[in-house]
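# Observations on the model geometry
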Amino acid sequence: MTSRRQIRVGKSWLSPSEAEKALREAIRVQKEEERQHGDDHHHQGFIKTYIFSTDHKWIGIQYAITALLFLLFGFCLMLIMRWQLAFPGSPLPFLAGLLGEARAPGGILLPEAYNELGAMHGTIMVFLAIVPLAVGAFGNYLVPLQIGAPDMAFPKLNMMSYWVYAAGGAIMLLSFLVPAGAAQSGWTSYPPLSVIASAGQTWWLVGMIFLITSSLLGSVNFLVTIIQLRAPGLTFMKLPFFVWAQFVTAFLLLLAFPPLEAAGIMQLMDRVMDTSFFMPSGLIVGGQIVEAAGGGSPVLWQHLFWFLAHPEVYVLILPALGIVAEVIANNTRKPLWGYRAMVYATIFLGFMSFVVWAHHMFLTGMGTTISAFFQTTTMIISIPSVIILTSLFLSLWGSSMRFNTPMLFALAFLPMFGIGGLTGLPLGLAAADIHLHDTYYVIGHFHYVVAPGTIFAMMAGIYFWYPKVTGRKMNEKLGKIHFWLSLVFINVIFAPMFIQGLAGISRRLYDGGDQYAHAHPVLKTNIPMSYAAWLLLLAQIPFIINFFGSIKWGEKVGSNPWDATTMEWAATTSPPLAHGNFAEIPVVHRGPYEYNAPGTTAERDFIPQHAADPETPDGGFFPEQAVAKQEA
Amino acid sequence: MEIPYTIHARPDTGLYNGKLGIWLFLASEVMLFGALFSSLILLRTGAESWPAGWERLNVPLATLNTFILIGSSVTVILSWANLRLGDFRKAKIYLGITLLCGLGFMVIKAIEYGSKFSHNYYPSTDTFYSVYYMMTGLHGLHVLGGMVVFAYLLGPGAKMWASEPDRYTNRVEVTGLYWHFVDLVWIFLFPILYLL
Amino acid sequence: MREFLESYMPTNASAHGPALDNLTVLIHWVMAVLFVGWSLYFIYVLYRFSASRNPRASYEGSKSHVHSYAEVGVAVVEVVLLIGFSIPLWSRWITPDQGSKPPLEIRVVSEQFAWNVHYPGPDGRFGRTDINLVSASNPLGIDPTDPNAADDFNSVNQLHLEVDRPVVIRLTAKDVIHSFALPVMRVKQDAIPGMEIPVYFTPVKTNNGEVWEIACAQLCGLGHYRMRGSMTVHTAEGFQEWLASQAPVPEVDATTAPPTGVTEPVVEAPPQPVA
Ligand code: HEA
Ligand code: HEA
Ligand code: CUA
Ligand SMILES: [Cu+2]
């Protein structure tokens, strides 16, 4: 069967294997030329190729590895906290050695250490793990390939954003070593607490300013790339949904981060120059009157912070939705249902996410009008999410699903994000939020969206594009083990949080609420939750083995192992050409998801975006049909 | 493989990459200063008493600075225009003047700060001074940034004129756009801090 | 659903509480319907449209319009919940409760890591406070020279209320942001230094045996987890007995500075009959 398949390379028609050869030949020739021009990457020496590389693909890989390590690190911080939550005050012998006597004398975690771990877990997961993975890694690697561009618009800038990010990460890590440890005021860093906090907070602020700068450089780069470097014929409405998601995400980063940068600068000044931007008059800390000019406003920080942090949460979810959409379209073998609706919904989501921020601040003394405004916008913003999710669900109708590992993760994402999203609604209704605010219900809500939501989408993406990056598939058996275990454990961790929240257990409690009588009826749940968390770590071992092992032992595959239509697969080799991505810049003829379109055959049920029309004399993507016509 | 539209505009967007890039960057700058201005408004309306800027700050010096900056915005355009006409000599002169204006602005700012310090008015004195130092300081950093780029374009960067004149012209244009923005921020800062 | 949720939620002992829980129950019904509905669809689709059962996918896909009804339905329900419930409930939440009895006014000043409760005493007037007077023996810095202060008294981590009597709590903080939560009253309000935010509610039940608590809901430092207070709701008689048993503010010794400098505004409360 497959022998009848033909692929167009340049002008001629070849069988897949020949096409493969031809393309690799193209690479060789190109390398040859580059060598003559002397501008060959691989002859710029190790440093320029692997460390200060300007190739978007390698930068993407750098982002991926760094972010995954931070993800693991952030997870491990939480695993320590989960012990304290499950068994408050009971020693964990090796902790003293791990964290030092100062944090865990005799292996008993101290409250300040708990707060430190909590704040850094949040910061690392959001700013150092998920965003760099979703945008820095997936975006960098795939966007230029999917739009048929030779690279990002500003390769040097691209390299810079990675290294500024790395520096920010290093600062965050080093802050664990400063006296009294890293930041302890939560990832939200509310003043005055954060202003009177120990030195770690200053490091946190400096680190954040680096991370923000990195994101700003990155987002400019993405926007210019997507607007300017689209291949001929690739109109906006022909973009793969993933690119759209990255496009809106980049806008969110570009416009939402600066206010936090401003706020960060002000908090930094409050700490090091004794200004009082966020310090009201007449503070008494520990019986001592605070020597500060006063006159500042603690709530101002919250406004600036949430003005970023709400759009930020959509930065966490949009690329995930993009990945899921790609994986689902490919494995259902049919176009996304309601592609346009999804695109418009995403744009609308982007706009709305700038006017909902104060739903995190309902209890800071808000009048009816303001709370009504933010409740309404919050309800409005849930609609586009509903539309996107509905479209993804309906895309499954009439499909022909392949249940490979990437697809399993993508499918699991849907209900998980659904649960997370739905539990956002009670929080969005101010009156219901009175009881639920700052309880574990909130923790449950957003973990369902970011952990079994975003993390699962990231996993789907890793399993799906791994062959693109390495030319080999990851092992399916290990993948399925990884999936099923993760799915079970992660739900055991987060589902009980809703119950704890309804019981009124506050978040960020060192003993998980052990002090409180009203917590006791449901406190037992912490023990299975913690066990599940530790087992979840074990469940990642097959993945880690798979991830590194498959580089060497993974099954070798062709350029387009998933029979995909988008150009990163169909128009270049896997792995792609070292420098320039494409043998020749492809010309786009059609939408991104032409699976089982009219004219396709059972053997070849897809038409790549860049393939010529079947109607053309030479049969375009279906030469054998043209031949048949002529014979008839 | 070359990255397209680094020098010449993409037909359907009418922009070359650098120009689009700077516009987007400026959009984020608008958000940055927008946040600072709204913070100022919030702090000011929240305070029980707020001093009038002209009582505390040196308005004549600031006015002078305003004219210097506006002037520099003009010279940077002239410089770019001359590059378009291919007159590199004139362009360099105007670019030089722009750089000097920036320098003059910073010197005057330094004098202003100095006199404040000598009277023991520090950022920590009260919220007014916190805001004053923070916003003028941040703006000053932007001016400094612009000056560095101009210095580069006049010095080591000037070689590019010989090899790729269009690209060099673009760089001047893009830096000019940034410079106009810095100028614009000052035109908002001046009345809000000094006059109100 | 109600039974399910309330089996986990704490007792509901305030006048406005049931209305809030009502909203919580309603929205969870909406969520349940969406979740179950979509889950059933999801499971069916996974079964029906696997590659083995449906070898060739359809290019057009679903043509039904049920989904748009669902979407419109979600929107409509959200509007109803907003206009019909959440917004009115909120305006009720921030306006004083009207009760048969005159409201009981209390100041709660939170600090790391305790709740200082300031009672105006029989005269119903709070004495003026001055941060320069704050000391271990006088955590609120009440000025004993102020006549209004003569009968004031304060307690730490102990909130005593009278059943069916509206309460007005004037909430603020000394140092950092705390959040004053009374789970059984469905009350939660951030306590923000430099701001004084009133909290209105009416207890409608007495503890009778149950332990009712003040919880801190906002991270406020290393003692956040133990910033716990207790709340007792007395019967009318019980409340008077308790009032009688309270001693006024201790005289501050001469060493503390005379009242000068920054002062908090005196909070006027309507004078009320001394029972
Ligand atoms: C990716 C991250 C993400 C996403 C997507 C969301 C999405 C939403 N969030 Fe969430 N949120 C956070 C991350 C996120 N949130 C974080 C991190 C916090 C806490 C920050 C902190 O305090 O530390 C938070 C906190 C938070 C609060 C503040 C709570 C409090 O502190 O008291 C509120 C209140 O309105 C809220 C609301 C919402 C709403 C209405 C949505 C909506 O967009 C959701 C819309 C989606 C749906 C409505 C789903 C629709 C589903 C279907 C139609 C079908 C379902 C089908 C099946 C289940 C099979 N969120
Ligand atoms: C994107 C954001 C994100 C993510 C993904 C997570 C993931 C997790 N989080 Fe958390 N969390 C936050 C953001 C996030 N979190 C924030 C913002 C807070 C609030 C902080 C504050 O109070 O200020 C918080 C708080 C928080 C709390 C509450 C603490 C408290 O209030 O006292 C808890 C409690 O259980 C928790 C648990 C978890 C768990 C068990 C996971 C798990 O889901 C983790 C799952 C992780 C993995 C499965 C790792 C997979 C990694 C690999 C496989 C690496 C492989 C490596 C290579 C191949 C090189 N988190
Ligand atoms: Cu006080 Cu938390
Ligand atoms: Cu939000």
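Below or above, wherever it landed, is the structure these notes cover. (Residues numbered from 1 in each chain as written. Chains lettered and ligands numbered in written order. Predicted model: local features only at pLDDT ≥ 70, side-chain atom pairs only at ≥ 80, totals over all residues. Heavy atoms only, no water.)

### Some remarks on the coordination of the iron atom of ligand 1
Residues and elements named next belong to chain A.
- On the protein, His 445 (NE2) is the one donor atom to the iron atom of ligand 1, at 2.2 Å.
- A separation of 4.5 Å is found between the iron atom of ligand 1 and the copper ion (ligand 4).
- Relative to the helices and strands, His 445 is located in helix α16 (residues 440–470). (Donors = N, O, S within 2.8 Å, 3.2 Å for Na, K, Ca; no water. Helix = DSSP H or I, 4+ residues; strand = E, 2+ residues; numbered from the N terminus.)

### Notes on helix α13 (residues 405–422) of chain A
All names here are of chain A.
- An ideal rise of 1.5 Å per residue puts 26 Å on 18 residues; α13 measures up with 26 Å between its terminal C-alpha atoms.
- Of all bends in α13, the biggest is about 25°, found at Phe 413, and the proline Pro 415 comes one to four residues later.
- Taking burial as the measure, the 18 residues of α13 include 17 buried ones, the bulk of the element. (Expected span 1.5 Å × (residues − 1). Bend = angle between axes of the 7 residues up to and from the residue. Buried < 20%, exposed > 50% of the residue type's maximum accessible area, 1.4 Å probe, protein only.)

### What about the pattern of salt bridges?
- In the structure shown here, the tally under the stated rule is 21 salt bridges over all chains.
- Among the ionic pairs, Glu116(A) bridges to Arg103(A), the shortest N-O distance being 2.7 Å. Here the residue Glu116(A) occupies a position in helix α5 (residues 111–146), and Arg103(A) occupies one in the loop between α4 (94–99) and α5, the gap between them amounting to 13 residues.
- When its relative accessible area of 18% is taken as the criterion, Arg103(A) is described as buried.
- The partner of Lys109(B) in a salt bridge is Glu112(B), and the shortest N-O contact between them spans 3.1 Å. (Salt bridge = Lys/Arg side-chain N within 4 Å of Asp/Glu carboxyl O.)

### Notes on the interface of chain A and chain B
- The interface is formed by 42 residues belonging to chain A together with 34 residues belonging to chain B.
- Surface buried jointly by chain A and chain B totals about 2,900 Å² across both partners, of which 75% is contributed by carbon and sulfur atoms.
- Linking chain A with chain B are zero salt bridges.
- Our count for the chain A to chain B interface comes out at six residue pairs in polar contact (both at pLDDT 80 or more).
- Of all the secondary-structure elements, those providing two or more residues to the side of chain A that touches chain B are α8 (200–228), α9 (241–272) and α10 (298–332) of chain A.
- Looking at which element gives the most residues to the side of chain A that touches chain B, the answer is α9(A), with ten residues.
- In terms of residue class, the side of chain A that touches chain B is made up of 29 nonpolar, nine polar and four charged. (Contact = heavy atoms within 4.5 Å. Buried area = accessible area lost by both parts, 1.4 Å probe. Polar contact = N/O pair within 3.5 Å; in protein donor to acceptor, adjacent residues only side chain to side chain. Nonpolar A, V, L, I, M, F, W, Y, C, P; charged D, E, K, R; others polar.)

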